[in-house]
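So the chains spell out like this:
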Amino acid sequence: MTELKPDIWWLCVPIIIALFLLLRAFNVRMKSSALKSITNPVFLSIAVIALLLINLNLPYSKFAYHSQLLSWLLEPAIVALALPLYQQFIHVRKNLLLILGTCSLGIVNATFVAFLLSVFFKVPSELSASVAALSVTTPISLIVTDSLGGISSLAAAMVIFIGLLGALFGFMLFKLVKIGSHESQGVAMGTACHAIGTAAALAEHPKIGAFSSVAMALSALLTAIIVPLLYPFLVNSLL
Amino acid sequence: MKYLLSSAIILLCLACAKLIMYYTGGSFPAPLLAMVILLVLLLAGIVKEQHLKPCASPILNVMPIFFIPAGVGFIEHLNLIKSNWPFLMSVIFIVPASTLLLVSSVMVFFKSRKNND
């Protein structure tokens, strides 16, 4: 293992922040929604740092220890998510029941399908728990996966990949199955592909984007409630 | 003062949720419970949007930075990923595709029923 001088590790936090802000500025300049999805700053930041750690043979444990400050701030940030949730709630009161119902169905489907695949492939339980909460924004997925005994870092990477795929191919899929309703497309994108899908939905049509952001916000809340109850139930009843 | 109040609301909700989870011994994640508590307080009008905004808006703006360290952690599990890549690839393709199809179809079904009524 290459050992950096101890005083070098404090650079972890400034490097993460600088890298993310740089990549976000780059992402904002992208014109097409496909390029915007591929240059997702979180995905690229994680990829760049992972490649650096692997190639320089630096221990992840030290990196994690010295970037704890950022990980600690994740908890209050998740609490602050109540604000956009509230802002979306008051705009969709008319269709709230229908959107709540379909979002719940989508979350149950995502957890159930992922669980069936883990049974089919006979994967270890920690891997099965890691894919239980993927159709949701990354911070919620991290916390839920952690509470289920899964590998939260793997879940974070999977969530981003799912968002990217949804953003790139989601609308092609809708065309293929002839689903043209903006409301339906928006709710589906927000439920299945969270923020990255919502960004692509906004680029497609403002109405699709509006419904997608509502569904994304509601899915965050519903995933937090449904998955910690559903996953142990599936494990106990089907395994 | 407004920043102090805003951060105090967030931290108080988090502290309450942690206490609830500690005394009930449940496995529900405390930050998520705190988010639900804060949402209920907002919907009930006990906490106003403008009280929360000063601290919540900037923290939400830079939120993606906070999960980068955790996201990098997948390099600790490269062997597990290598040995289970068919499973992981299936999940990445099948889970979002099935969810997109199911949710959009159900939405179309209920919307057309509502319009017919």
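Here the structure is a predicted model, which means the values were calculated and not measured. (Residues numbered from 1 in each chain as written. Chains lettered and ligands numbered in written order. Predicted model: local features only at pLDDT ≥ 70, side-chain atom pairs only at ≥ 80, totals over all residues.)

Secondary structure summary: chain B contains 7 helices and 0 strands in total. Relative to the 2.2 N^0.38 estimate, which gives 13 Å for 117 residues, the radius of gyration of chain B is 21 Å and therefore markedly larger than a compact globule would have. Each principal axis of the C-alpha distribution contributes one length, and for chain B these read about 55 × 50 × 35 Å. Each of the 117 residues in chain B was classed as buried or not, and the buried ones make up 38%. Contacts in chain B between residues far apart in sequence, at least 24 positions, make up 46% of those at least 6 positions apart. (Helix = DSSP H or I, 4+ residues; strand = E, 2+ residues; numbered from the N terminus. Rg over C-alpha atoms; globule rule 2.2 N^0.38 Å. Buried ≥ 20, exposed ≤ 12 C-beta atoms within 10 Å, placed from the backbone. Contact = placed C-beta atoms within 7 Å.)

This brings us to the domain arrangement of chain A. All names here are of chain A. One can read the domain layout of chain A as domain 1 (1–77) and domain 2 (81–239). Look at where the C-alpha atoms of domain 1 and domain 2 centre, and you get two points 25 Å apart. When residues of the side of domain 1 that touches domain 2 are traced back to their parent elements, those giving at least two are helix H2 (33–38), helix H3 (41–55) and helix H5 (68–80). It is H2 that contributes the most residues to the side of domain 1 that touches domain 2, 5 residues altogether. Classifying every residue of the side of domain 1 that touches domain 2 gives 7 nonpolar, 3 polar and 1 charged. (Domains from an automatic or database assignment. Nonpolar A, V, L, I, M, F, W, Y, C, P; charged D, E, K, R; others polar.)

Glancing now at the interface of chain A and chain B. Residue-level contacts link 83 residues of chain A with 64 residues of chain B. At 13 residues, helix H10 (residues 152–176) of chain A tops the list of elements feeding residues into the side of chain A that touches chain B. Along the lines of polarity and charge, the residues of the side of chain A that touches chain B split into 63 nonpolar, 18 polar and 2 charged.

So, about the packing of helix H9 (residues 138–148) of chain A against helix H12 (residues 206–238) of chain A. The description of two packed helices rests on the angle between their axes and on the distance between the axes. Residue and element names in this part refer to chain A. Where H9 contacts H12, the two axes come as close as 10 Å, and the packing angle between them is 15 degrees. It follows from the interaxial angle that H9 and H12 lie roughly parallel. For the pair H9 and H12, the crossing hand works out as right-handed. Contacts between H9 and H12 involve Ile140, Val144, Ser147 and Leu148 on the former and, on the latter, Ala220, Thr223, Ala224, Val227, Pro228 and Tyr231. (Axes fitted to C-alpha atoms, helices over the stretch in contact; angles between N-to-C directions. Parallel < 35°, antiparallel > 145°, perpendicular 65-115°, else oblique. Left-handed = near helix turned anticlockwise from the far one by under 90°.)

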